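Fold and geometry: a report
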Amino acid sequence: MGIDVDVIFKIAGVGIVVAFLHTILDQVGKKEYAQWVTLFGFIYILFMVVTIVDDLFQKIRSVFLFQ
């Protein structure tokens, strides 16, 4: 049981895009928008991690027959 490599690349990709947008918006002077972009990126990655953890708990539940 391992984490699929695609998920790691998706998280890294979202992080790179959010960091790029944050830097651009910060340089232009739109600090409020930069903070919102960072917050939305964090929430998106958080939902991705929650689905991975939910899948993990479902597998653990099926192994120990707690259905």
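These numbers were taken from a predicted model, which means no experiment stands behind them.

Turning our eyes to something else, we now look at the overall build of the protein. From N to C terminus, the protein includes two helices and zero strands. On C-alpha atoms alone, the protein measures out to a radius of gyration of 17 Å, which is more than a quarter above the 11 Å that the 2.2 N^0.38 rule sets for 67 residues. With respect to the principal axes defined by its C-alpha atoms, the protein has extents near 55 × 20 × 5 Å. Approximately 5700 Å² of the protein is accessible, and the part contributed by carbon and sulfur atoms is 71%.

Quick look at helix α2 (residues 31–63) now. End to end, α2 covers 48 Å across 33 residues, agreeing with the expected 48 Å (1.5 Å per residue, within 8%). When we look at burial in α2, the residues that qualify are Ala 34, Gly 41, Ile 45 and Met 48. Buried residues along α2 sit against α1 (5–28).

As a further point, take the packing of α1 against α2. Between α1 and α2, the shortest axis-to-axis distance is 8 Å and the interhelical angle comes to 170°. When the interaxial angle is binned, α1 and α2 end up roughly antiparallel. Contacts between α1 and α2 involve Val 7, Lys 10, Ile 11, Val 14, Gly 15, Val 18, Leu 21, His 22, Leu 25 and Asp 26 from the former and Lys 31, Tyr 33, Ala 34, Gln 35, Val 37, Thr 38, Gly 41, Tyr 44, Ile 45, Met 48, Val 49 and Ile 52 from the latter. Tallied by class, the residues present in the contact of α1 with α2 amount to 14 nonpolar, five polar and three charged.

Here Val 49 is to be found in helix α2. Along the chain, Val 49 and Ser 62 lie 13 residues apart, while their C-alpha atoms are 20 Å from each other.

Okay, the pattern of salt bridges next. In the structure shown here, the tally under the stated rule is two salt bridges. A salt bridge links Asp 26 to Lys 31; the nearest nitrogen and oxygen atoms lie 3.5 Å apart. Taking the relative accessible area as the measure of exposure, Asp 26 reaches 32% and is therefore partly exposed. Linking Asp 55 and Lys 59 is a salt bridge whose minimum nitrogen-to-oxygen distance equals 3.7 Å. Placement of the pair is Asp 55 and Lys 59 together in helix α2, with a separation of four residues, close to one helical turn. Judged by relative accessible area, which is 37%, Lys 59 ranks as partly exposed.

Attention shifts here to the packing of aromatic side chains. Remark: the centre distance and the inter-plane angle together describe each pair of aromatic rings, the angle taken between the planes. Within the structure shown, the criterion is met by one aromatic pair. Seen from their ring centres, Trp 36 and Phe 40 are 5.7 Å apart, and the 35° between their planes marks the pair as tilted. With a gap of four residues between them, Trp 36 and Phe 40 both fall in helix α2, about one helical turn apart.

About the criteria used
Residues numbered from 1 in each chain as written. Predicted model: local features only at pLDDT ≥ 70, side-chain atom pairs only at ≥ 80, totals over all residues. Heavy atoms only, no water. Helix = DSSP H or I, 4+ residues; strand = E, 2+ residues; numbered from the N terminus. Rg over C-alpha atoms; globule rule 2.2 N^0.38 Å. Areas by Shrake-Rupley, 256 points an atom, 1.4 Å probe, with all protein chains shown as cover. Expected span 1.5 Å × (residues − 1). Buried < 20%, exposed > 50% of the residue type's maximum accessible area, 1.4 Å probe, protein only. Contact = heavy atoms within 4.5 Å. Axes fitted to C-alpha atoms, helices over the stretch in contact; angles between N-to-C directions. Parallel < 35°, antiparallel > 145°, perpendicular 65-115°, else oblique. Nonpolar A, V, L, I, M, F, W, Y, C, P; charged D, E, K, R; others polar. Salt bridge = Lys/Arg side-chain N within 4 Å of Asp/Glu carboxyl O. Phe/Tyr/Trp six-rings, centres within 6.5 Å; stacked < 30°, edge-to-face > 60°.

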